[in-house]
Structure formats: structure tokens, C-alpha cells
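Understanding the architecture of this molecule
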Amino acid sequence: MQAYLLSQQFNTRPLAENSTACPANATICNGTSCVLPEDNFNETLSIVLSTVLTIMLALVMFSMGCNVEVKKFWSHIKRPWGIFVGFLCQFGIMPLTAFLLSLAFNVLPIQAVVVLIMGCCPGGTASNVIAYWVDGDMDLSISMTTCSTLLAMGMMPLCLFIYTKMWTDANAIVLPYNSIGISLVALVVPVSLGIYVNHKWPRKAKIILKVGSIVGAILIVLIAVVGGILYKGSWIISPKLWIIGTIFPAAGYCLGFFLARLAGLSWNRCRTVSLETGMQNTQLCSTIVQLSFTPAQLELMFTFPLIYSIFQLLFALLFLGGYRIYRRHRAKTKTDIEKTEQKEDSKSTSSHPNINGGFVANEDK
């Protein structure tokens, strides 16, 4: 946001019709119009909202930790097959998909770089909330998010070095290791506290989890809405980036699910890996973009992380809705089958009382 504001340092405002004097804070005045410093209200609002949202997100991750069992979480660390599959999806499938989409749509070099940066980012914390709602493996989800954020320290530079050679010098991209570190701390600390609460007070942990899951779902939508309001001035970008921003998260979800199934993971873990693959840390991508490019370059692709964020949320909600419908239909079908079996058993028992637990007369004794 700050980088965008730099590109809009001054704002030209016409004088009122009856006014002949410039405002006291005007920098240039020719009698008909004045150049005034840009109002920093949006910047202040952005800082305040970022602080509030970060605190809320930490509380949500604390509640998600309340659904994690120490033994299961540790088993994923000791036998990291699911984490390894997620690693292949996160730093194998996503960067390659970004590279292929950039080639297929023949975007500008600077636009291709931002698509690749998005593809190389680790998983976002929103995936943990959605994974809970689709009955995913929460232990795997949180361990994958933690590991991908930690491994991003080395894997992001490596992937960007490999894939950005044909468009730009990888050294020109500034990786904010401090932001990655903050993301890691903001994830690990509240989750660890949640795991501890679940271990000591499991009943209270269930209540916290229910509240946190609802707040988390609201928070994800709120972040998307706030981002749309704050960045409303930079929505005019290439239609190609809009198309890529639509296809990219959907491809991540699908490819992550199929690779997890191919690796022999259970259905709930496939759903988890799918979400961890498609849902990227878009805030980190925005930070890297702001640190790496000039205001003139930002105008060509600054909104892409927000576009990706909106469509990754939209597809995740469709995923959630489809799963809930499937689950409800399956529950009804299962209930009908059980009722049918019970009727058949009752008929069989009434027809043959001496078979399968039927009544035995005392006179036979």
C-alpha cells in the first residue's frame, strides 16, 4: 500500500468557483488549480486495520490449535509423508504452474515475475480455517503451514532463481525475511498455546474451537473486503492478470488434491493438501512486490495478489459448499440404508424366532 501511495504523491484539486486563494498547505498554485499533498488517511487506516486483523488472526490460530492433538501432530513430524506431499505441491506444483501460465498468456516480464512470486509463497493461515470446515486433518494442515513458512526461507529464493531467469535478475527481488519470520511466529505461538489448552482442558478447547472457527470464517471475508476498499485505486490492470488470477488458485486446488490422492493419502488429507496448495500467503506476496519494484512498475501488477486472494477465497467457499452438500446427501443415504437393514432384520427375526437370537421355549429345557 505504501508503495502505491508513493506513486500518487500529489493530488490535483480544483479551487472552488468563488475562491481566489490557495489553501495554506498547497505546494503549487496557478490561480485555477492547486497541487496538494496526498491525504494520508488511507495509509493510517491501513495500519490500524492491519494491526487489528493481525491480532484477530492470532486469536483464530489459537482456536485452531485447540483442535490439534499433541500425539497426532508429533506423528506427522516423525512420519512426514503428508508434509512431504504438501511440500511437493507448495514448492513444486505452484511455481511450475505460475511459470506455465505466464508463458501461455505471454504477459509482460514484470507481470510474469509477480505471478511467480505468488506461486513461490508459502501457504496461508486461511487454509487452516477452511480445512476445519471441510473436516480436514487439522494436525496435518497446521504442520504443513508451519513447515512451508519455515522452508520458504530457502525455497523461495531457489524457486525464484530457477523460474525468473528469462524475465529478470532474481537478485532484484527483495525477500522480506523479517515478514516471513513474523508470519512464522504469529502462527507457531498461538497454535502452541491452543495445543496446550486442548491438552489440559479439552472441554474448554472445544468451545474455543467453535467460536474461533466462526470468527475465522468471518475474518477471511473481512480481509478480502477491506483489501478491496484500500486498493480500489489500482484495479485497472491487464485482463490477462485477471484471467491468471482466476485460473491459478483453481489449478492449485485441483493439482494438490490429485497429487495427494496419487500419493495414497486418505480423503480428508487430500482435502487438506488441496487447500494448503491453493491458498497462498498473499500478504507476503504484496510485501515482496512493494519492496522490489518502482511505483511505475507497481501500476502494471500491484493488484494481482488481491485478485488471487479474492478468487482463492471464492473457490474455497465453493469447495466448502460442495463438500457440505455431499456430506448431507451421504448422511441421508446412510440413514436410509440403516433403516432398511433394521426393517429386514426385524422381519427375519419375526419369521424365524429360533434363529439369530429368537425366543426359545422353556419346555425345551
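Residues numbered from 1 in each chain as written. Predicted model: local features only at pLDDT ≥ 70, side-chain atom pairs only at ≥ 80, totals over all residues. Heavy atoms only, no water.

Note the cut-off: UniProt positions are given in the numbering used here, feature names are shortened, and annotations may be inferred rather than shown by experiment.
Per an unreviewed UniProt entry, the protein goes by the name Ileal sodium/bile acid cotransporter and belongs to Probosciger aterrimus. Taken directly from UniProt, the Subcellular location (unreviewed entry) text for the protein runs: "Membrane". Heading Sequence similarities (unreviewed entry) of the UniProt record for the protein holds this comment: "Belongs to the bile acid:sodium symporter (BASS) (TC 2.A.28) family."

**Here we look at the side chain of threonine 146**
Definition in use: Strands here mean DSSP runs of E at least two residues long; helices mean DSSP runs of H or I at least four residues long; both are numbered from the N terminus. Only protein chains enter the accessibility calculation, which uses a 1.4 Å probe; a residue whose area is less than 20% of its type maximum is buried, one above 50% is exposed, and one in between is partly exposed. Contact criterion: two residues are considered in contact whenever any of their non-hydrogen atoms come within 4.5 Å of each other.
Mapped onto the elements of the fold, threonine 146 is located in helix 7 (residues 138–163). Judged by its relative accessible area of 18%, threonine 146 is buried. Not counting chain neighbours up to four residues away, the residues in contact with threonine 146 comprise Leu184, Leu187 and Val188.

**Section: the packing of aromatic side chains**
What counts here: Working definition: a ring pair exists when centres of Phe, Tyr or Trp rings (six-membered ring for Trp) sit within 6.5 Å. Plane angles under 30 degrees give stacked, over 60 give edge-to-face, the rest tilted. Lysine NZ or arginine CZ positioned within 6 Å of the ring centre and within 35 degrees of the ring normal marks a charge as sitting over the ring.
Here the structure, examined in full by the defined rule, presents 8 aromatic pairs. Arginine 261 extends its terminal NZ or CZ atom over the ring of tryptophan 267, reaching a point 3.8 Å from the ring centre.

**So, the confidence of the model for the protein**
Let me state the cut-off plainly: pLDDT is a residue-level measure of predictor confidence that goes from 0 to 100.
Residues of the protein with pLDDT of at least 70 account for 71%, and the chain-wide mean is 75. No element of the protein has a lower mean pLDDT than strand 1 (residues 10–14), which averages 40, and none a higher one than helix 10 (residues 239–262), which averages 93. Across residues 1–20, confidence stays below pLDDT 50; counting only partners more than four residues off in sequence or on other chains, it has 48 contacts. For residues 354–365, every residue scores under 50 in pLDDT, and the model assigns this stretch 4 contacts once sequence neighbours within four places are set aside.

**Here's the deal with the pattern of salt bridges**
We apply this condition: Definition used for salt bridges: Asp or Glu carboxyl oxygen within 4 Å of a side-chain nitrogen of Lys or Arg.
Under the defined criterion, the tally for this structure stands at 2 salt bridges. Residue arginine 327 pairs with aspartate 135 through a salt bridge whose shortest N-O separation is 2.9 Å. Here arginine 327 is found in helix 14 (residues 304–351), whereas its partner aspartate 135 is found in the loop between helix 6 (126–133) and helix 7, with 192 residues between them in sequence. Judged by its relative accessible area of 38%, arginine 327 falls in the partly exposed class.

**What about the environment of leucine 284?**
Looking at the secondary structure, you find leucine 284 in helix 12 (residues 282–292). Take leucine 284: its relative accessible area is 4%, and that puts it in the buried class. For leucine 284 and methionine 118, which are 166 residues apart along the polypeptide, the C-alpha to C-alpha distance reads 8.6 Å. Beyond its immediate sequence surroundings of up to four residues, leucine 284 is in contact with Cys121, Pro122, Met156, Pro176, Ser179 and Ile180.

**Observations regarding the nonpolar core**
Rule in force here: What makes a nonpolar core is a set of buried Ala, Val, Leu, Ile, Met, Phe, Trp, Tyr and Cys residues whose side-chain atoms join them at distances within 4.5 Å.
Counting residues in hydrophobic clusters, the biggest one holds 42 residues, and the most contacted among them are Val115, Ile117, Met156, Phe248, Val289, Phe293 and Phe304. Broken down by secondary-structure element, the contributors of at least two residues to this core are helix 4 (81–105), helix 5 (109–120), helix 7, helix 10, helix 12, helix 13 (295–301) and helix 14. Those residues in contact with phenylalanine 248, other than ones at most four positions away along the chain, are Met94, Thr97, Ala98, Leu101, Val115, Met118, Gly119, Phe304 and Tyr308. Formed by 22 residues, the second largest nonpolar core is a distinct cluster that contains Val60, Ala131, Tyr132 and Leu275.

**Focus on the UniProt feature "transmembrane region" (unreviewed entry) in the protein**
In this numbering, the UniProt entry assigns the feature "transmembrane region" (unreviewed entry) to residues 45–68, 80–104, 110–134, 141–163, 175–196, 208–230, 242–263 and 306–326. Span residues 110–134 is 76% helix and 0% strand, its end C-alpha atoms 37 Å apart.

**What to know about the packing of helix 5 against helix 12**
In helix packing, the relevant descriptors are the interaxial angle and the interaxial distance, both defined with respect to the helix axes. Basically, it comes down to this: Lines fitted to C-alpha atoms define the axes, with helix axes restricted to the stretch in contact, and inter-axis angles between N-to-C directions lie between 0 and 180 degrees. By the definition adopted for this analysis, an angle is roughly parallel if under 35 degrees, roughly antiparallel if over 145, roughly perpendicular if from 65 to 115, and oblique otherwise. Should the near helix be turned anticlockwise from the far one by less than a right angle, the crossing is left-handed, and should it be turned clockwise, the crossing is right-handed.
Where helix 5 contacts helix 12, the axes come no closer than 9 Å and their chain directions differ by 140°. The orientation of helix 5 relative to helix 12 falls into the category oblique. Crossing geometry of helix 5 relative to helix 12 is assigned as right-handed. Residues Val114, Ile117 and Met118 of helix 5 lie in contact with helix 12, whose contacting residues are Thr282, Cys285, Ile288 and Val289.

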